[in-house]
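Chain by chain, the residues run as shown.
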Amino acid sequence: MADITQTLKLDDIASGDSIIHNLNGPVKLISTIIIIVFTVFSQQIIVPIIMEIFLLLILYLSKVSIKDAFKRIVLLLPFGGAIIIFQPFIHPGNVLWAYSWIQITDAGLNWAILLFGRLITSLTAIVLLSSTSPMQEIVASFRKLKMPKELAMILSITVRFLFVFIDELTTIRNAQKSRNFNIHSKLVPYRWIVRQVGYTIAMMFLKSYEQGERVHKSMISRGFSDTSQLFNEKTQLEKSDYIYLISIITLMIVIEVILYKYTNQLGYLGMKLTIN
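J.: Outline the overall build of the chain, supporting the account with residue identities and numerical values.
T.: Along the backbone of the chain there are 11 helices and two strands. Along the chain, helices (α) and strands (β) appear in the sequence α-α-α-α-α-β-β-α-α-α-α-α-α when read from the amino end. Its C-alpha radius of gyration of 24 Å places the chain more than 25% over the 19 Å reference for a compact globule of 276 residues. Oriented by its inertia axes, the alpha-carbon framework of the chain measures out at about 65 × 60 × 35 Å. Across the 276 residues that make up the chain, the buried fraction comes to 34%. Contacts in the chain between residues far apart in sequence, at least 24 positions, make up 75% of those at least 6 positions apart. Element-wise, carbon and sulfur atoms account for 66% of the exposed surface of the chain, whose accessible area totals about 18200 Å².

J.: Let's hear about the environment of Ile-45: which residues, and what values?
T.: Structurally, the position occupied by Ile-45 is in the loop between α2 (25-40) and α3 (46-61). Between the C-alpha atom of Ile-45 and that of Leu-273, which follows or precedes it by 228 residues, the distance is 7.4 Å.

J.: Could you give an account of the pattern of salt bridges, with specific residues and numbers?
T.: According to the stated counting rule, one finds one salt bridge in the structure shown. The salt bridge partner of Lys-28 is Glu-137, with a shortest N-O separation of 2.8 Å. Residue Lys-28 is found in helix α2, and its partner Glu-137 is found in helix α7 (residues 135-144); the two are separated by 109 residues along the sequence.

J.: Quick rundown of a nonpolar patch on the surface? Include the residues and the values.
T.: Nonpolar side chains collect at one region of the surface, where Ile-85, Phe-86, Phe-89, Ile-90, Leu-96, Trp-97, Tyr-99, Leu-109, Ile-113, Tyr-268 and Met-271 lie side by side and expose about 1100 Å² of accessible area between them. Elements with a minimum of two residues in the nonpolar patch: α5 (87-90), β1 (95-99) and α6 (106-132). For the nonpolar patch, the leading source of residues is β1, giving three residues. Along the polypeptide, Trp-97 turns up in strand β1.

J.: Kindly report on helix α10 (residues 239-261), identifying the contributing residues and their values.
T.: If you check α10, its first and last C-alpha atoms are 32 Å apart, about what 23 residues at 1.5 Å a residue would give, namely 33 Å. Close packing links the buried residues of α10 with α2, α3, α6 and α11 (263-266).

J.: Please provide a residue-by-residue account of the side chain of Thr-105, values included.
T.: With respect to the helices and strands, Thr-105 occurs in strand β2 (residues 102-105). A relative accessible area of 1% places Thr-105 in the buried class. Of note is the side chain of Thr-105, whose polar atom sits 2.7 Å from the backbone oxygen of His-91. Thr-105 has contacts with Pro-88, His-91, Pro-92, Gly-93, Asn-94, Val-95 and Leu-96, leaving out every residue within four places of it along the chain.

J.: How would you explain the pairing of β2 if you had to name every residue and give the values?
T.: Pairing of β1 with β2 involves four bridges; the strand directions are antiparallel. Counterpart to Ala-98 in the pairing with β2 is Gln-103. Taking the residues that link successive antiparallel strands as the turn, the β1-β2 hairpin has two residues, and the phi of Ser-100 there is positive, at about 55°.

J.: Kindly report on helix α8 (residues 149-178), identifying the contributing residues and their values.
T.: Helix length check: α8 (30 residues) gives 44 Å between terminal C-alpha atoms against 44 Å at 1.5 Å per residue, within 8%. Where α8 bends most, at Phe-161, the angle is about 30°. Inspection of α8 places Ala-152, Met-153, Ser-156, Val-159, Phe-163, Ile-166, Leu-169, Ile-172 and Gln-176 among the buried residues, and these make up the whole buried set. Positive backbone phi, at 65°, marks Asn-180, one or two positions downstream of α8.

J.: Now, about the confidence of the model for the chain: what can you tell me, with residues and values included?
T.: Taken as a whole, the chain shows an average pLDDT of 84; of its residues, 92% reach a score of 70 or greater. Mean pLDDT values for the elements of the chain range from 64 in helix α1 (residues 6-14) up to 95 in α3.

J.: Account for the nonpolar core, naming residues and giving values.
T.: By size, the foremost hydrophobic cluster in this structure holds 34 residues, and its most contacted members are Ile-35, Val-47, Met-51, Tyr-244 and Ile-255. Elements supplying a minimum of two residues to this core: α2, α3, α4 (66-84), α6 and α10. For this core, the element with the most residues is α6, which contributes 10 residues. Ile-255 has contacts with Phe-38, Val-47, Ile-50 and Met-51, leaving out every residue within four places of it along the chain.

J.: Go over the environment of Gly-270, please, and point to the residues and values.
T.: Topologically, Gly-270 is positioned in the segment after α11. Along the backbone, Gly-270 and Arg-72 are 198 residues apart, and their C-alpha atoms lie at a distance of 30 Å. Discounting chain neighbours no more than four positions away, the residues touching Gly-270 are Gln-44 and Thr-263.

The rules behind each value
Residues numbered from 1 in each chain as written. Predicted model: local features only at pLDDT ≥ 70, side-chain atom pairs only at ≥ 80, totals over all residues. Heavy atoms only, no water. Helix = DSSP H or I, 4+ residues; strand = E, 2+ residues; numbered from the N terminus. Rg over C-alpha atoms; globule rule 2.2 N^0.38 Å. Buried < 20%, exposed > 50% of the residue type's maximum accessible area, 1.4 Å probe, protein only. Contact = heavy atoms within 4.5 Å. Areas by Shrake-Rupley, 256 points an atom, 1.4 Å probe, with all protein chains shown as cover. Salt bridge = Lys/Arg side-chain N within 4 Å of Asp/Glu carboxyl O. Patch = residues over 30% accessible without salt bridge, like charges linked within 9 Å, V, L, I, M, F, W, Y side chains within 5 Å. Expected span 1.5 Å × (residues − 1). Polar contact = N/O pair within 3.5 Å; in protein donor to acceptor, adjacent residues only side chain to side chain. Pairing = 2+ DSSP bridges. Bend = angle between axes of the 7 residues up to and from the residue. pLDDT = per-residue confidence, 0-100. Core = buried A, V, L, I, M, F, W, Y, C linked by side-chain atoms within 4.5 Å.

Spelled out as structure tokens, the structure:
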């Protein structure tokens, strides 16, 4: 199981210094949404391929480890990949392979390839955003884009105290390790291990509840109410922000022009793979 303390490492990476890290937060968020929407509505496989190459180039410019980014994409892949696996078997079309009642059709396989391309590109865009924007910056960007203040407040508090939760959990785990507690140990009864894990969960629940009460009382003492407004820091867009957005929009226009004029020359790459 992945160590939850890796979240702290991720936020350190997101706080790095590069051309992409220094871009305006809302610009990075808007560009990510634009890329995902453009890719998801694409009908030709060439679109996700070109957008993926572009995102890998941005990852390189951001000085983020391609290897680490790939690992995170692989971890997220099963959430959508589980649906893609069944696509070649459930859509009608020309049968490419059959065994008993199981068969793979050309329409289903093409649809699965397109979905996979869309998924990989979307996950890469999300990983790029999370690798170049600290969590608080992403929350602030949502606020600047007029997210409902109730949701913004919940998200902001959740992100802020996520690291407090991680610190508390790390302290408990270190205390357990100092007493030679090992959840995978075969030297003690399994029921005893489950009981200790239950104690840990209960302890974290109580600590979270107490922390929530303290935070609420401190917010009330500072005048917080249902009508309180969240502060949004005003930042000026730099030249690099405009260049980044314009380059993405220009790339999308170029792709559409290529598909319009050279669809036949592209062969399979320019073929519409969507299910009618």
